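# Reading the structure
Residues per chain are reported as follows:
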Amino acid sequence: MDEGEILEISENPGSPCAIRNPAGLSKGRIEDNAYANALAQFDKAVSHLHLKHGVMDMLRCPKRELSVNFPVMMDSGDIRIFRGYRVHHSVVKGPTKGGIRYSPNVTLDEVRALAMWMTWKCALMNLPYGGAKGGVIVNPKELSTRELERLTRRYATEISVLMGPESDIPAPDVGTNPQVMAWIMDTYSMHRGFSVPAVVTGKPVEIGGSLGRTEATGRGVGFCILEALKLRGISPENATVAIQGFGNVGSVTARMAHELGMKVVAISSSKGGLYKPDGIDPRMVTRHLERGGSVTDFPGPDSISNEDLLTLDCDVVIAAAIENQITSQNADRIKARIVAEGANGPTTPEADEILDEKGAFIIPDILCNAGGVIVSYLEWVQDLQSFFWPVDEINRKLQYLMAKAFESVIEATKQFKVSNREAAQILAIQRISDAILIRGIYP
Ligand code: GLU
């Protein structure tokens with residue numbers, strides 16, 4: 001595509017959803033734009049389906065987008081204005097579901113992409129949800145706990161026009177955690193005059209959270225890796241693993257991989273990483289973090305950059321940080337046989353092509369990291385029925401849903417002769433399209 005060119009791909013020229021490059025970005029920057037990447041993936045997947053053009057247009061753009069600018073009283077007495085978003089991509093299958101991200105790099109296009117991926121993820125897992133995502137442009141590490149609470153309560157109030165246990169159910173994402181969810185649940189409940197635990201998931205267990213939710217995403221990633229190793233004929237005891245991102249997802253997967261006998265040769269945080277060819281014990285790193293240390297000052301292993309970690313010669317590389325980490329710039333240097341997407345959107349469409357050509361087995365984000373939203377769904381169901389299951393019941397249900405989805409993706413790769421990502425998206429998009437047409441176009 002030429003610089004700034006906007007390519008119409010629809011039979012409905014002029015439709016706001018029909019443009020390939022909605023932000024009018026120049027070629028050099030398209031790969032950085034998560035929404036442009038999500039649309040490019042979508043276009044590739046739908047080329048294997050016979051969807052009505054109107055349905056395709058409908059799925060290319062979000063159902064609704066809310067931008068809010070809101071004030072927060074800082075500890076200093078100053079008033080600072082923050083910007084936040086909540087985007088609903090699709091409401092066809094049920095209430096919208098998706099996390100809230102606190103990061104200085106949040107953009108509306110990023111939130112649009114993440115909301116779209118949530119629609120596909122929920123559809124692939126057969127959860128009765130549409131996709132949503134929220135974000136606030138803020139570095140949570142620069143705020144005091146009291147400031148973070150005030151920001152969260154105000155943002156929750158601003159998006160309460162969309163949020164509700166039957167309409168839109170947030171959850172944690174990058175930069176947010178169970179405490180932030182507790183503040184959202186409390187704020188919403190105060191406005192209603194009674195407790196509404198089902199309005200958010202990923203809450204602390206004490207207020208209606210689910211056992212196993214904190215570990216769910218990482219466990220799901222670990223489960224997918226086991227399945228992929230099986231398909232590739234590699235036994236876990238012989239597998240070497242490098243993990244980018246040691247947050248809620250990467251740290252759990254690292255410990256699981258270690259317990260299953262895999263050798264964790266590298267891990268990293270946003271500040272940098274550690275490399276030890278004969279293996280790092282992730283439990284020791286977790287203990288070090290709990291004592292106030294950081295990944296980069298853990299004693300022993302050599303240091304490694306995030307960039308070099310991705311290109312290590314190992315069996316599995318887990319991208320569990322943020323989007324756009326494996327790009328046209330580094331994909332040809334990736335040596336891992338299996339790429340597990342613990343994060344959303346870590347691989348760009350350009351990189352996908354390079355990795356596919358090399359024969360790498362990509363476990364796509366909407367499959368690989370779906371454990372989080374699966375247990376979010378189980379949490380929501382438990383809250384609605386006010387009856388809670390033991391952790392082994394949760395993990396059994398999680399594993400069952402992940403296994404079924406993994407199998408269906410592999411099946412679809414054979415049926416459509418496509419990559420794992422295309423197969424996963426094809427299944428998801430077909431289900432949403434069917435739901436749209438069965439419901440009919442109102443009025
Ligand atoms: N933020 C997580 C994701 O990207 C979890 C979403 C949820 O549980 O609703 O899947």
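Here goes a summary of the coordinates provided. What you see is a predicted model; the values in this text were computed from it and never measured.

### Considerations on the side chain of T187
- Inspection of the secondary structure puts T187 in helix α6 (residues 178-192).
- Setting aside its immediate chain neighbours within four residues, T187 contacts R153, A156 and T157.

### What about the sheet that holds strand β6 (residues 240-244)?
- As summarised here, the arrangement of the seven strands in space is β9-β8-β7-β6-β10-β11-β12, forming an open sheet in which the pairing is mixed. The open sheet terminates on both sides in strands that have one partner only, identified here as β9 (302-304) and β12 (361-363). With direction set aside, neighbouring strand axes in the sheet form an average angle of 20°.
- Sheet analysis places β6 next to strand β10 (residues 316-319), joined by four bridges and oriented parallel.

### A few points about unusual backbone geometry
- With an omega of 5°, the peptide bond between Y442 and P443 qualifies as cis.
- Residue placement: P443 occurs in the segment after α15 (420-439).
- The phi angle at S386 is positive, at roughly 50°, despite the residue not being glycine.
- With respect to the helices, strands and loops of the structure, S386 is situated in the loop between α13 (371-385) and α14 (391-416).

### Some words on the packing of aromatic side chains
- The tally for this structure, following the rule as stated, stands at seven aromatic pairs.
- Cluster of aromatic residues (ring-pair linked, three or more members): F70, F82 and Y155.
- Over the face of the ring belonging to W389 we find K397, whose NZ or CZ atom lies 4.3 Å from the ring centre.

### Side note on the pattern of salt bridges
- Inspection of every chain in the model, using the stated rule, returns 26 salt bridges.
- Among the ionic pairs, D186 bridges to R153, the shortest N-O distance being 2.8 Å. Of this pair, D186 sits in helix α6 while R153 sits in helix α5 (residues 145-158); the two residues are 33 residues apart in sequence, bridging distant segments of the chain.
- You can call D186 partly exposed: its relative accessible area is 27%.
- Taking the relative accessible area as the measure of exposure, R153 reaches 24% and is therefore partly exposed.
- Where salt bridges share partners, they join R101, E110, K133, D173 and E323 into one cluster.

Basis of the calculations
Residues numbered from 1 in each chain as written. Predicted model: local features only at pLDDT ≥ 70, side-chain atom pairs only at ≥ 80, totals over all residues. Heavy atoms only, no water. Helix = DSSP H or I, 4+ residues; strand = E, 2+ residues; numbered from the N terminus. Contact = heavy atoms within 4.5 Å. Pairing = 2+ DSSP bridges. Axes fitted to C-alpha atoms, helices over the stretch in contact; angles between N-to-C directions. Phe/Tyr/Trp six-rings, centres within 6.5 Å; stacked < 30°, edge-to-face > 60°. Lys NZ or Arg CZ within 6 Å of the ring centre and 35° of its normal. Salt bridge = Lys/Arg side-chain N within 4 Å of Asp/Glu carboxyl O. Buried < 20%, exposed > 50% of the residue type's maximum accessible area, 1.4 Å probe, protein only.

These figures capture arrangement, not role.
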